[in-house]
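Chain by chain, the residues run as shown.
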Amino acid sequence: MLNLESNIKFIKGVGEKRAELFYKLGIFDVDSLIHFYPRKYEDWTNTKAVSEVSDGENVVIKATMITPVKEHMVRRGMTLYKCRFSDGESVINVTIFNNRYLAQALRIYDDYVLFGKIEKNFTTASMSSPKIEKLETGIHIHPIYSTTGKLTSNAIAKVIKTALDNIDEIPETLSWEIRNKYNLIPLDSAVRQIHFPYSADDSAAARKRLIFEELLTLQLGLLKLKSTKKKETPLNISKDYTSEFTALLPYRLTNAQQRAINECIRDMQGKYPMNRLLQGDVGSGKTAVGAGIIYTVIKNGYQGALMAPTEILATQHYESISKMLGNTNITIKLLTGSTKASEKKQIKSDLIDGKIDLLIGTHAIIQNDVEFKNLGLVITDEQHRFGVKQRASLANKGQGIHTLVMSATPIPRTLGLILYGDLDISILDELPPGRQELRTDLVDSRYNSRLYKFIRDAVDRGEQCYIICPMVEDSEDEENLKSAEQFAEELSQTAFRGYNLGLLHGKMKPKEKENVMKAFSRGDVQILVATTVVEVGVDVANATIMVIENAERFGLSQLNQLRGRIGRGSKKSY
């Protein structure tokens, strides 16, 4: 028998080597395994005959194998396996690509279930690389999991099934009264049904229970945070220097920016430390608000720290705040993972001596050996990318420190109160003058020719475009997703032949990435095919169009971040 703490490698069928693949998915023990939920399901319970289905339909067919498998080597590294099945009326020609294991497991005259797209004409029916399972085990709802490397969804499902079959009942966490009041099934049933439901109703009941539990845990945690008695701050922000700061700027702040700065200063002049969320769409001017309160804190004799999730974004903040505060005697330094060792040493020494007023950086600034002389304000940008512990470790570098959290992810106020229950909220609901609203459309691949013409017309006018793909390289599991590399190659030969296409993804060397981005910034690259590496910190005012392929693969905050890369100039953006 296993228990929830058992290491993943002790489950039958895993072992040391396969355990490494599970570790990549964040699965280390039975507990994390059974809480690794399916991302979707395939319903194999509704079987049809070939005569009942249309060409191009995704179907489940019960069929008997009627010819042995024939092997055809097409080229080195590509082997096709061909055989025929019959559903009792029609014959189905099946082709299997590069899957020797499946081809060798099939037995003539055995009954199977085939799942996949069918191609039909008047005389023949065929399926390319359908999923095939034995009839007695195949007709059920199949869970589909996020995968990594050679660890397939099927393999994950088998390991989860083995684990669930070998553990005792999962201990209940909610009282009978709560379960009864909200019509919730027991936790043990919910975990088993979320993985292997007998029907859609089963998976819905499991989801309801597990979502309820997650939200309840979150709310209890936030109540605990709120109920912790606030300690008074020893920091004394006696004077407001906002008007002095605004005089430094070559433009006027919006009313929303001015209001947000006033709210922050009011908090900091109170008895307790400021703990505020600044929420505003990309381009609404959060950095200027941050710079405004940094200025007041420093002029009152304290140091400030700004932490961003990536080097690109940290560098961008460093450059823009240095420009805003350029005509003052404020000393600003940048600390990231790639800062030279000698420079790091100097920064750490100057910081503790009080020679640096503002430190901007990545999580490098929360290392234990980074100490401040008199830290008064901590700002974290895109805070959903940092853990609570990371935020806390920065705030713990001083006493009663004021905290501002900045986020571009649009959060309704009520949800904001749940997610950031320990924070007060300021919202930037105005765009600075000259910024245009973005137009956002959802289209499918039938629009490609119109879309590509729209892009060519914009590029011919001297504008630039991003095309975002969810993956870098092709993956067998995700054959419908175009990888960035393959897509860039394809587009350069077809729709955008004769245009300058660039490619940018996270697996490139830093120098290569930098060169591509510089070429795009200069306008040498007209169309940039990229992964989410452009999500933060890429600022090209001339880029007016962004196409996001397979948008359903991204989270809402990611889509919003990506969209924020365009509309940064005065031209209409799409």
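Residues numbered from 1 in each chain as written. Predicted model: local features only at pLDDT ≥ 70, side-chain atom pairs only at ≥ 80, totals over all residues. Heavy atoms only, no water.

(A) Just the environment of T64, in detail. Relative to the helices and strands, T64 resides in strand β2 (residues 58-65). Once the C-alpha coordinates of T64 and V113 are considered, the two residues, 49 residues apart in sequence, prove to be 8.6 Å apart. Among the polar contacts listed, one links the side chain of T64 to the side chain of D111, at a separation of 2.7 Å. (Helix = DSSP H or I, 4+ residues; strand = E, 2+ residues; numbered from the N terminus. Polar contact = N/O pair within 3.5 Å; in protein donor to acceptor, adjacent residues only side chain to side chain.)

(B) Looking closely at helix α1 (residues 15-24). Looking only at α1, the buried set comprises A19, L21 and F22. Buried residues of α1, viewed axially, fall in a sector of 155 degrees; they line one side. Exposed and oriented more than 90 degrees from the buried face of α1 are E16, K17 and K24. Buried-residue contacts for α1 involve α2 (30-34) and α5 (153-165). (Buried < 20%, exposed > 50% of the residue type's maximum accessible area, 1.4 Å probe, protein only. Arc of directions from axis to C-beta. Contact = heavy atoms within 4.5 Å.)

(C) Expanded view of the pairing of strand β7 (residues 125-128). Burial along β7 is one-sided: A125 and M127 are buried, and none of S126 and S128, which face the opposite way, are. One ladder, built from 4 bridges, connects strand β5 (residues 91-97) with β7; its direction is parallel. Counted as the bridge partner of I92 is A125 from β7. Relative to β7, strand β6 (residues 111-120) runs antiparallel, the two being bridged by 3 bridges. Bridge assignment links I118 to a residue of β7, and that residue is M127. Hairpin remark: β6 followed by β7, antiparallel, with 4 residues in the connecting loop. (Pairing = 2+ DSSP bridges.)

(D) Region of the structure containing the nonpolar core. I293 and I321 are the most contacted members of the largest nonpolar core, which totals 40 residues. When residues of this core are traced back to their parent elements, those giving at least two are α10 (255-268), α11 (286-299), α12 (311-324), β12 (332-335), β13 (358-361), β14 (375-381) and β15 (402-407). By residue number, the principal contributor to this core is α11, which donates 8 residues. Residues V14, V159, L164 and I170 belong to the second largest nonpolar core, which totals 29 residues. (Core = buried A, V, L, I, M, F, W, Y, C linked by side-chain atoms within 4.5 Å.)

So yeah, pure geometry; function would need other evidence.
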